[in-house]
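Understanding the architecture of this molecule
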Amino acid sequence: MRFCPSCKDNASSRSSLSNNNNNNNNNNSKSKNSSSSNSNTSSSDNEEGFIEPKFPISQYEFIEGRNFRQLSGASPFLPCDDEESERLQLNYLLFKTVFKKTHFPPIEDDLKRGIRVLTVRIGPGHWVKDMAETYPNSHFTGTDEVIYPISDPPPNCHLRIANAAKGLPFADNTFDYVAQHDTILTYTREEWDKAIAELVRVLKPGGWLQLVETSGILQDVGPNLSIWLMRVTVSLQTRNIHLKFGPKLHEVLEAHSGVTDVTYSHRSIPIGWLGKLGDLGLECLERMFDSMKPRLCDDWSMNLQKYEKMAQAAAKECQEFRSWTNIHYAYCRKKLPNEDE
């Protein structure tokens with residue numbers, strides 16, 4: 001895999017953290033042996049029974065069996081672990097199954113000839129890897145705050161740690177095509193505006209910007225799924241994250257003075273019915289139930305058994321009520337110099 005220097009530094013920090021933990025574990029073993037040998041003379045200083053040592057790790061938080069990465073002092077709503085990587089992979093499979101394509105702007109010939117492409121919030125990197133393999137003459141750069149391992153990355157694909165809402169480490173007018181997918185649960189409303197401004201900034205005049213998001217709205221839902229949606233919406237609102245942002249993608253682009261030719265549409269996804277597509281939609285929803293479980297249980301003081309019972313009932317209702325949702329996309333072109341004149 002090709003990492004930028006910041007990625008290597010990140011890997012080094014993880015290695016150093018692992019070594020520190022090993023040293024701490026060795027020290028704990030020595031401490032326990034010493035404590036045992038002196039138990040008769042200093043019993044008042046010992047805890048009764050064995051207490052597992054738990055040392056604080058500033059970058060990670062382990063909640064209800066899921067791993068959360070602490071980013072810039074914030075607590076992300078979704079975990080960062082193997083299960084989350086699998087959930088994002090299923091989301092990408094759903095996207096490909098519904099749209100039968102990986103990109104929407106009219107750039108097929110350009111991709112074959114060779115252009116520079118940036119994808120933001122790459123997650124496990126399935127989109128950028130597929131694109132790099134399909135268009136070997138183009139160069140692809142993927143960014144995210146957490147870089148998941150990618151097996152056998154193509155030579156024309158490089159990864160870099162960055163957050164568009166905090167500023168991208170690229171010069172103005174660098175890329176011919178910029179794509180951002182599946183970020184609806186990560187950006188606050190203010191961060192959306194900052195991210196779009198950054199994506200347009202690094203895009204070359206005449207280049208294309210593509211956004212793809214789920215709607216955040218489920219239709220024809222039963223009582224349990226309705227309650228779950230209410231709780232999710234409130235929990236996200238307390239974090240200034242708007243769940244129903246997908247249908248507004250084109251409005252965000254149209255509000256930017258530097259772009260034109262805004263095009264948008266959507267496709268509908270059955271959940272738990274209408275064959276294999278519905279089965280895939282239901283599995284994506286069930287994975288989302290699991291990813292949101294730690295935060296929702298904490299926000300609503302709910303025990304795990306109650307949450308899981310509600311999630312199972314909600315999934316069953318999708319088949320009964322024939323629930324469905326939408327995936328939205330929007331794309332636009334960056335204006336050429338003096339285009340408005």
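Description of the structure in this document. (Residues numbered from 1 in each chain as written. Predicted model: local features only at pLDDT ≥ 70, side-chain atom pairs only at ≥ 80, totals over all residues. Heavy atoms only, no water.)

Observations regarding the pattern of salt bridges
What the rule picks out here adds up to 21 salt bridges. Two residues, Arg66 and Asp290, come together in a salt bridge whose shortest N-O distance is 3.0 Å. One end of the pair, Arg66, is in strand β2 (residues 66–69); the other, Asp290, is in helix α8 (residues 275–299), with 224 residues separating them in the sequence. Residue class for Arg66 comes out buried when judged on its relative accessible area of 5%. With relative accessibility at 32%, the residue Asp290 sits in the partly exposed group. Residues Lys96 and Asp130 are paired through a salt bridge, measuring 3.2 Å at the closest nitrogen-oxygen approach. Of the two residues, Lys96 is situated in helix α2 (residues 82–99) and Asp130 in helix α4 (residues 126–134); the sequence distance between them amounts to 34 residues. Assessed through its relative accessible area of 31%, Lys96 is described here as partly exposed. By sharing partners, the salt bridges in this structure join Arg66, Asp81, Asp290, Lys293 and Glu308 into a single network. (Salt bridge = Lys/Arg side-chain N within 4 Å of Asp/Glu carboxyl O. Helix = DSSP H or I, 4+ residues; strand = E, 2+ residues; numbered from the N terminus. Buried < 20%, exposed > 50% of the residue type's maximum accessible area, 1.4 Å probe, protein only.)

Structural notes on the packing of aromatic side chains
Both the distance between ring centres and the angle between the ring planes are used here to describe each pair of aromatic rings. Per the counting criterion, the structure on display carries 13 aromatic pairs. A centroid spacing of 6.1 Å and a plane angle of 25° characterise the contact between Tyr92 and Phe95, whose relative ring orientation is stacked. With Tyr92 and Phe95 both in helix α2 and 3 residues apart, this pair spans about one turn of that helix. Note on Tyr92: relative accessible area 11%, which makes it buried. (Phe/Tyr/Trp six-rings, centres within 6.5 Å; stacked < 30°, edge-to-face > 60°.)

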